[in-house]
Amino acid sequence: MTRRLTVDMLTRVEGHGGVEVVFDGSEVKDVKFNVFEGPRFFESIIKTVHYDKIPDMTRRICAICTASHSLASIGAIENAFNVKNTPQTELLRDLLIHGEMIESHALHVYMLALPDFLGYPDAIAMSADHIDAVKNALNLKKAGNMIHTTLSGRDVHGMNERVGGFSKAPTEEELTEVKKMLEEVQPVAELAVELFKGFELPTLNESDNVLMAIDPGDRFGYLGTHVLVTGGERYPEEDYMKLTNEKVYRHSYAKHSTYNGDPFMVGALPRIQLNHDKLMGTARELYKEHSDMVDPRNTLSNNFCQALELVHDVERGVEVIDTLLSNGLEEEDQVEFEVHEGRGRNAVEAPRGLLYHDYRFDDNGCITKANIITPTAQNAANIEKDIRVMASNHVGEDAELMKNIEVMIRAYDPCISCSVHLVRLR
Amino acid sequence: MKPRVGIFSLTGCAGDQLQILNMEDELLELVSHIHIVDFQEGSSHKEEGPIDVAFVEGSVSTETDRKHLKEIRERSKILIAFGNCAVEGGIQTMRNNEGSIDERLKEVYGVEPGFFDARLSKPLSEYVDVDIDIPGCPVEKEETIRAITSLLHGDLPPRFTYPVCVECKLNEYPCVIVESGKPCLGPVIRAGCDARCPGLGLDCIGCRGPVDSASGFAAEYNMLLEKGYSKEFILNRLRVFSGEVKEDFLGGDQR
C-alpha cells in the first residue's frame, strides 16, 4: 500500500518549500524537496544590461545573502576585465563578507534553529522564557548589519561596493564604532557554541556526504579562487561546471546539482570540516575542544559549525578593522580598467555555501550570457538524500518523522528564494 | 484587543520581511503591540481566521501566488503591498514587454508550456484591491515602523508624494547627473530613502518606484539624452523597479 507524507510549507526558512515522502509498505519509494517559490529569470533579465548595473540587480536574488551575491557578481565582472583592486578594497570586502555571515548566522542559529532545540514555535515565543538570549541574538545580528550599513550603505541591498572599489570609503570613526560593537557581541557568539555543543543531535540522517568549500588560503574565510572537495581534490573556480551538474525537475524551480553523479553539501559544515586547520584564536580553541560536534556524516552539525563561524567572524572582523585603521583609510577612486569582450567566473562562500556567478560580455561590457548557481540549489539533491536516509531508518510515528525532516532541512539553512534562479540549459 | 497581523510573502527575495527581523532595537517592543497570526519566515505558529492588517511582499508570479493572494485578501481588513515587488512587480517584471512566459521557461529551464505553473510577474494590484503601499527594494525600516504606529493609532500611514531629488537637495548632495553625468533616476522616483545613493556619490537606480506624478521629467530626460544615454538604456533602467512602465511615461523629447 502506498502512503504519502508531506510538509506543505516549511517554516522558519527563507522562501517557500515543502517535503513529500512516498512509502510503499515500509519501503521508501520517492522523496521530494519541493520548491514552490516562483521563478524570477535573473539570468535571462540581465542580458544586454551594462556590467556596472549587474551587481545592483543580481544582489536582489536574495536579501539575506545580498552582499555574497553582490561580491560574487563584482568578482565575475572583474575577472572578465582583469581588474586589479587596491589592498584597501580587498580588506573592506573581506570585512563585508564576514558581516554577512554574522547577520545571517545570528538570525539562523538563534532565531530560526534554536527554537527547534528548546521546543518553541519561534524566537518571539522563546523570548518569554529566554529574553536575554533573544536580546543578545538581536544585538549580534545588529553587529553584522552594522558592517553592511557602514560598508555597503544599508542592511539589505546596499550599493556602495562597486566594480573596482567602493564608491565611498567608510570613515575611521565609523569603523571604530563597528569594532566596539563587535567586541561587545563577542561573548554572544561564544555563547552560541556553548548552547549548540550541549544539544544531542538526532542521528537518523547519518550517511556519507561529499563536502565542498572554498579554499580561503592561509586564513579561514569566505573568499578565494579555488574550491576544495572531500578527498583532497582542488578545482579552480573557472571549472565550477564540473562541480555542479544541474538538472530540472517538475517539483522544483530550483535546479538540482550533482558531482560525479553524487549529491554533495555546501555550507558551514563543509567549510569547517575542510578548513578548520586555518581557524585562529578563540574559534580555533573552541573547534579543538568540541571537534566531535563537527560530524561530516551528520548534516545537522551544520548549526554548530555556524556557531563556530560566528566566533571566527566577530574576531576576524575586529582584526580586519585594526588593519584598516593602522593602514589609515583613503578615499580611493575606483580602479580603471579596459572593457572588452570576455568571460568572468567567480566563486564566493555565501552564508549557506558556495555561490557561483558566470558572465559573458560583448565589447561594450553588456551581458550576452549569464549563469548563476546558488548554494541551496547545490544542496537540494543532498537534502533529498538525507530525507531518503531518514525515511528508511525511521520507525515510529509518521508525524515525528516529518517533524525531524523539517528540523534536518532547517539545519541546512536553506535559502529557497536564492535557489530559484535558473541556468540556461546547454 | 491587539490587532491581528499577518506577514506573507509571494515571489521575491524575502527582503521586506527580513527588514522586520532587522529591526533589532524595536522588534520585541513592536511585537508586544500586535498579535502575529502568520509569519512563515519567522515562526512555525499559524492561525486561521480574520486578519486586521496583512503585509504582503513579493509579486504574483505563479498560479499558487495568485490563489494565496486571493485568500489573504478575503480574510484581511487592510492589505498592504509591502515592498517594490508587491507594489510594482519588482525586478522580475522588468522584461514583461519582451516575450511570453512560455518562451522564457523554454529558454531558461528548457521545458514545454504547462511544465510549471509560472505566469508573468505582476504587482498585487493587478489581482486584488490594495489599501496601502509601502514601497522600496527593500522597504525602509523607519517607514515601516511609522506605518505600523499610524495604524495602531487608527491613522493612515503618511505617503511620500515628492521625488528623491527633493531629499537630495535638502541634504545638499552634489547632483550626480550634473557633476558626473550619471543616469540618476532621482527626479522621478518616490522619496523616502533620504537620497541614500546620491549621498554615496551614486545614481538613484529607482528602487522605490515612480513618484505619483512624473510631470517635470521631460527636462531630466533630455538632460540624460544630452549626456549620451540612449532611450533604450533609460527605459531599461526605469523598468528594473518600475514594472511595466510605458514608453510615454518618459515624455520629453523623443528624438
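Reference entry: report on the structure contained in this document. Keep in mind that this is a model prediction, so the values were computed, not measured.

As for the environment of valine 49 of chain A
So, point 1. Residue position: valine 49 of chain A is located in the loop between helix H1 (42–45) and helix H2 (54–58).
So, point 2. In this structure valine 49 of chain A comes out as buried when scored by relative accessible area, which is 9%.
So, point 3. With residues up to four places along the chain from it excluded, the contact list for valine 49 of chain A reads Ile54, Met57, Gly365, Cys366 and Ile367 of chain A together with Met94 and Arg95 of chain B.

Here's the deal with helix H3 (residues 63–75) of chain B
Residue and element names in this part refer to chain B.
So, point 1. Compared with an ideal rise of 1.5 Å per residue, which puts 13 residues at 18 Å, H3 spans 19 Å between its outermost C-alpha atoms and is within 8% of the ideal.
So, point 2. All of the buried residues in H3 are Glu63, Asp65, Leu69, Ile72 and Arg73.
So, point 3. For H3, the secondary structure elements touched by its buried residues are strand E1 (4–9), strand E3 (51–57), strand E4 (60–62), strand E5 (76–82) and strand E6 (118–122).

A look at the side chain of serine 152 of chain A
Residue and element names in this part refer to chain A.
So, point 1. Inspection of the secondary structure puts serine 152 in helix H6 (residues 131–152).
So, point 2. The buried category is assigned to serine 152, whose relative accessible area is 1%.
So, point 3. In this view, serine 152 contacts Arg59, Leu96, Ile147, Gly158, Met159, Asn160 and Glu161; residues no more than four positions away in its chain are not counted.

Details of the pairing of strand E7 (residues 226–229) of chain A
All names here are of chain A.
So, point 1. Where strand E6 (residues 210–215) meets E7, four bridges bridge the pair, whose relative direction is antiparallel. Counted as the bridge partner of aspartate 215 is histidine 226 from E7.
So, point 2. Looking at chain direction, E7 and strand E8 (residues 233–236) are connected through four bridges and run antiparallel. Within the sheet, the bridge partner assigned to leucine 228 lies in E8 and is arginine 234.
So, point 3. In this structure, the hairpin formed by E7 and E8 is closed by a connection of three residues, where glycine 231 is found at a positive phi of approximately 100°.

Brief notes about the packing of aromatic side chains
Residue and element names in this part refer to chain A.
So, point 1. According to the stated counting rule, one finds 13 aromatic pairs over all chains in the structure shown.
So, point 2. Ring geometry for phenylalanine 117 versus phenylalanine 196: centroids 5.3 Å apart, planes at 75°, classification edge-to-face. Of the two residues, phenylalanine 117 sits in helix H4 (residues 87–118) while phenylalanine 196 sits in helix H7 (residues 172–197), which places them 79 residues apart along the sequence.
So, point 3. Ring geometry for tyrosine 235 and tyrosine 259: centres 6.2 Å apart, planes at 90°, overall edge-to-face. With tyrosine 235 in strand E8 and tyrosine 259 in the loop between strand E10 (252–258) and strand E11 (264–266), this residue pair connects regions lying 24 residues apart in the sequence.
So, point 4. Following the ring pairs from residue to residue traces out a cluster consisting of Tyr51, Phe81, Phe337, Tyr359 and Phe361.
So, point 5. The residue whose ring lies beneath arginine 3 is phenylalanine 23, and the NZ or CZ to ring-centre distance is 4.6 Å.

Here's the deal with the interface of chain B and chain A
So, point 1. Each partner contributes to the interface: chain B provides 59 residues, whereas chain A provides 65 residues.
So, point 2. Carbon and sulfur atoms make up 61% of the surface buried where chain B meets chain A, a total of about 5,200 Å² over both sides.
So, point 3. Looking only at chain B, the three residues that lose the most surface to chain A are Glu24, Gln40 and Tyr109 of chain B, adding up to 14% of its buried area.
So, point 4. Across the chain B-chain A interface, the total number found is five salt bridges.
So, point 5. With a shortest N-O distance of 2.6 Å, aspartate 155 of chain A and lysine 141 of chain B are connected by a salt bridge.
So, point 6. The interface formed by chain B and chain A contains 16 residue pairs in polar contact (both at pLDDT 80 or more).
So, point 7. In terms of residue count, the dominant contributor to the side of chain B that touches chain A is helix H5 (residues 101–109) of chain B (six residues).
So, point 8. Of the residues assigned to the side of chain B that touches chain A, the class counts are 28 nonpolar, 19 polar and twelve charged.

Regarding the nonpolar core
So, point 1. Core analysis: the largest hydrophobic core is formed by 150 residues, its most contacted members being Val21, Leu140, Ile387 and Ile405 of chain A.
So, point 2. Aside from chain neighbours lying at most four places away, what touches isoleucine 405 of chain A is Val19, Val21, Ile387 and Met390 of chain A.
So, point 3. Formed by 15 residues, the second largest nonpolar core is a distinct cluster that contains Phe8, Ile51, Val56 and Val60 of chain B.

Cut-offs and rules
- Each chain has its residues counted from 1, following the order in which its sequence is written.
- Naming scheme: in the order in which they are written, chains are lettered from A and ligands are numbered from 1.
- Residues qualify for local features only when their pLDDT is at least 70, as the model is predicted, and side-chain atom pairs are given and counted only at 80 or more; totals for whole chains, interfaces and linings, by contrast, use all residues.
- Hydrogens and water molecules were not included; the side-chain quantities draw on all heavy atoms of the structure.
- Going along the chain from the N terminus, every DSSP run of H or I of four or more residues is numbered as a helix, and every run of E of two or more is numbered as a strand.
- Working definition: with a 1.4 Å probe on protein chains only, accessible area under 20% of the residue-type maximum means buried, over 50% means exposed, and in between means partly exposed.
- Residue contacts are defined here by distance: any two heavy atoms, one from each residue, within 4.5 Å place the two residues in contact.
- Any helix carries an expected span of 1.5 Å times its number of residues minus one.
- Two strands qualify as a pair provided that DSSP identifies no fewer than 2 bridges between them.
- Put simply, two rings from Phe, Tyr or Trp (the six-membered ring, in Trp's case) pair if the centres are within 6.5 Å, and we call them stacked under 30 degrees between planes, edge-to-face over 60, tilted for the rest.
- By definition, being over a ring means that NZ of Lys or CZ of Arg is both within 6 Å of the ring centre and within 35 degrees of the ring normal.
- In short, buried area is how much 1.4 Å probe accessible area vanishes from two parts on joining, totalled over both.
- Salt bridges are counted wherever a side-chain nitrogen of Lys or Arg sits within 4 Å of a carboxyl oxygen of Asp or Glu.
- Pairing of N or O atoms within 3.5 Å defines a polar contact, subject to two protein rules: one partner must be a possible hydrogen donor and the other a possible acceptor, and residues neighboring in sequence count only if both atoms are side-chain atoms.
- Just so you know the grouping, Ala, Val, Leu, Ile, Met, Phe, Trp, Tyr, Cys and Pro go in nonpolar, Asp, Glu, Lys and Arg go in charged, and all remaining residues, Gly too, go in polar.
- By nonpolar core we mean a set of buried residues, namely Ala, Val, Leu, Ile, Met, Phe, Trp, Tyr and Cys, connected to one another through side-chain atoms within 4.5 Å.

So far we have only geometry, and geometry alone does not tell us how the molecule works.
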